[in-house]
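Read off the chains here:
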Amino acid sequence: MALLTPYSKVPELNTATVLLVENEEELQSKLANAIVQYEKHFNVNVRLARKLPLPVENKETRPRIDLIVFIVNLLSERSLQSVESSLAHLHSDCFLGKVCFLVTDARCGSHTQERLVSVRKLAASHQCPVLCAEHRTAEGVNAAAVRLLNILKVTAGMSPIATTALYLSSLTRCSVTSDLDED
């Protein structure tokens, strides 16, 4: 079992690749379509996976992955468990600005709040940002796509300003508030 590493391949010119990982595929395809259809100044490849590790068969033809997005549906315990198990298949260099968490259904009851705290703790322990998305409306999906494209632009080195992925991670990382430290 090989770890997924961020710098094992040479980047393609004016191309960025995002890997969307979601166990239930509820938001994944809608988000992928929104990312591809959004107008941008560089090419975007969107890869989809239900979990990590990725299959070994196409390892040689797989492009360099610039951003890994773990999509967590807070209504599903299995979604969170899948993300937790997938994190073990990432090299530690991936957590230097190449990974983020996208949560859905953050407003739907007490069980989701407990899972949101779990995701925030997980993100804080890996120094990764947590984004919230509304996946039930087209506007919510498009807003999530725009946010991910902005992060992807920086992680792939397409940003015109001198911003590194590590700097982006420090700007967008999950801030651990006192309510997370009470456990």
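Only a predicted model underlies this, so the values are computations on that prediction, with no experimental measurement involved.

1. Re the environment of serine 29
Point 1. Mapped onto the elements of the fold, serine 29 is located in helix H1 (residues 28–37).
Point 2. Serine 29 sits 17 residues away from valine 46 along the chain, and the two C-alpha atoms are 9.8 Å apart.

2. So, the confidence of the model for the protein chain
Point 1. When the pLDDT values of the protein chain are averaged, the result is 84; 86% of them are 70 or greater.
Point 2. The model gives residues 173–181 a pLDDT under 50, and that stretch makes 17 contacts with residues more than four places away or in other chains.

3. Topic: unusual backbone geometry
Comment: phi is negative for the bulk of residues other than glycine, and the bulk of peptide bonds are trans.
Point 1. Cis geometry marks the peptide bond from leucine 52 to proline 53; its omega dihedral reads 10°.
Point 2. Looking at the secondary structure, you find proline 53 in the loop between strand S2 (43–49) and strand S3 (67–73).
Point 3. Positive phi values are uncommon outside glycine, yet aspartate 105 reaches one of about 60°.
Point 4. Mapped onto the fold, aspartate 105 is located in the loop between strand S4 (99–104) and helix H3 (110–126).
Point 5. The buried category is assigned to aspartate 105, whose relative accessible area is 7%.

4. Remarks on the pairing of S3
Within a regular beta strand, the side chains point alternately toward one face of the sheet and then the other, so they alternate between its two faces.
Point 1. The element S3 is largely enclosed, with a buried count of seven among its seven residues.
Point 2. Burial along S3 is two-sided: Leu67, Val69, Ile71 and Asn73 facing one way and Ile68, Phe70 and Val72 facing the other are all buried.
Point 3. Judged from the four bridges that link them, strand S1 (residues 15–21) and S3 form a sheet pairing that is parallel. Residue leucine 20 lies in a different strand from S3, and its bridge partner there is valine 69.
Point 4. Note: S3 against S4, six bridges, orientation parallel. In the sheet register, valine 72 faces S4, and the bridge partner there is valine 103.
Point 5. Once the chain exits S3 it traverses helix H2 (residues 77–86) before rejoining the sheet at S4, and the crossover so formed is right-handed.

5. Points about the environment of leucine 148
Point 1. Relative to the helices and strands, leucine 148 is located in helix H4 (residues 138–155).
Point 2. According to the relative accessible area criterion, leucine 148 is buried, its value standing at 2%.
Point 3. Each residue touching leucine 148, except ones within four places of it in the same chain, is listed here: Leu31, Ile35, Leu67, Val69, Cys100, Leu102 and Leu131.

6. Quick notes on the state of the cysteines
Point 1. Evaluation of the coordinates by the stated rule reveals zero disulfides.
Point 2. The thiol of cysteine 100 is not disulfide-bonded; the next cysteine sulfur, from cysteine 128, is found 8.0 Å away.

7. With respect to the nonpolar core
Considering soluble globular proteins, one finds that nonpolar side chains tend to be buried as a cluster.
Point 1. If you look at the biggest cluster of nonpolar residues, it comprises 27 residues, and the most contacted ones within it are Leu19, Ile68, Phe70, Leu90 and Phe101.
Point 2. Of all the secondary structure elements, the ones that give two or more residues to this core are S1, S3, H2, S4 and H3.
Point 3. Here this core takes four residues from H3, the largest share from any one element.
Point 4. Excluding residues that lie within four positions of it along the chain, phenylalanine 101 makes contacts with Phe70, Val83, Leu87, Val119, Leu122, Ala123, Cys128, Pro129, Val130 and Leu131.
Point 5. Counting 25 residues, the second-largest nonpolar core is a separate cluster that includes Ala32, Ala34, Phe42 and Ala144.

8. Describing the layout of surface pockets
Point 1. Estimated volume of the largest pocket: approximately 360 Å³.
Point 2. Lining the largest pocket are 22 residues, with Leu3, Leu4, Thr5, Lys59 and Arg62 positioned closest to its centre.
Point 3. Classifying every residue of the lining of the largest pocket by side-chain character gives 15 nonpolar, three polar and four charged.

9. Things to note about the pattern of salt bridges
Point 1. One pass over the full model with this rule turns up four salt bridges.
Point 2. Put simply, arginine 115 and glutamate 77 hold a salt bridge, and the shortest N to O gap is 2.8 Å. In this pair, arginine 115 is assigned in helix H3 and glutamate 77 in helix H2, connecting sequence segments 38 residues apart.
Point 3. Ionic pairing is found between aspartate 105 and arginine 136, a salt bridge with its closest N-O pair at 2.9 Å. Placement of the pair is aspartate 105 in the loop between S4 and H3 and arginine 136 in the loop between strand S5 (130–133) and H4, with a sequence separation of 31 residues.
Point 4. Given the relative accessible area of 51%, arginine 136 is considered exposed.

So, how was this worked out
Throughout, residues of each chain are indexed from 1 in the direction in which the sequence is written. This being a predicted model, a pLDDT of at least 70 is required before a residue's local features are given, and a value of 80 or more before pairs of side-chain atoms are given or counted; all residues contribute to the totals for chains, interfaces and linings. Hydrogens are left out, water is left out, and the side-chain values use all remaining heavy atoms of the structure. Secondary structure counts use DSSP, requiring at least four H or I residues in a row for a helix and at least two E residues in a row for a strand, with both numbered from the N terminus. Note on scores: pLDDT gives the predictor's confidence for each residue, bounded by 0 and 100. Working rule for contacts: check all heavy atoms of both residues, and any pair within 4.5 Å makes them a contact. Relative accessible area decides the class of each residue, using a 1.4 Å probe on protein chains only: under 20% of the type maximum gives buried, over 50% gives exposed, and in between gives partly exposed. One requirement defines pairing of two strands: DSSP has to find at least two bridges between them. With the strands aimed away from the viewer, a crossover counts as right-handed if its path from the first strand over the helix to the second runs clockwise. Any cysteine sulfur atom paired with another within 2.5 Å is treated as part of a disulfide. Residue types Ala, Val, Leu, Ile, Met, Phe, Trp, Tyr and Cys, when buried and joined through side-chain atoms within 4.5 Å, form a set referred to as a nonpolar core. Cavity: a set of points on a 1 Å grid over the protein atoms alone where a 1.4 Å probe fits but cannot get out. Pocket: an open set with protein on both sides within 12 Å along at least five of seven lines, its lining residues, like those of a cavity, having an atom within 4 Å of a point. Grid points are joined across faces, edges and corners, and a volume is the space filled by probe spheres set on the points. Note on residue classes: Ala, Val, Leu, Ile, Met, Phe, Trp, Tyr, Cys and Pro are nonpolar, Asp, Glu, Lys and Arg are charged, and everything else, Gly too, is polar. Salt-bridge detection follows one rule: a side-chain nitrogen of Lys or Arg within 4 Å of a carboxyl oxygen of Asp or Glu.

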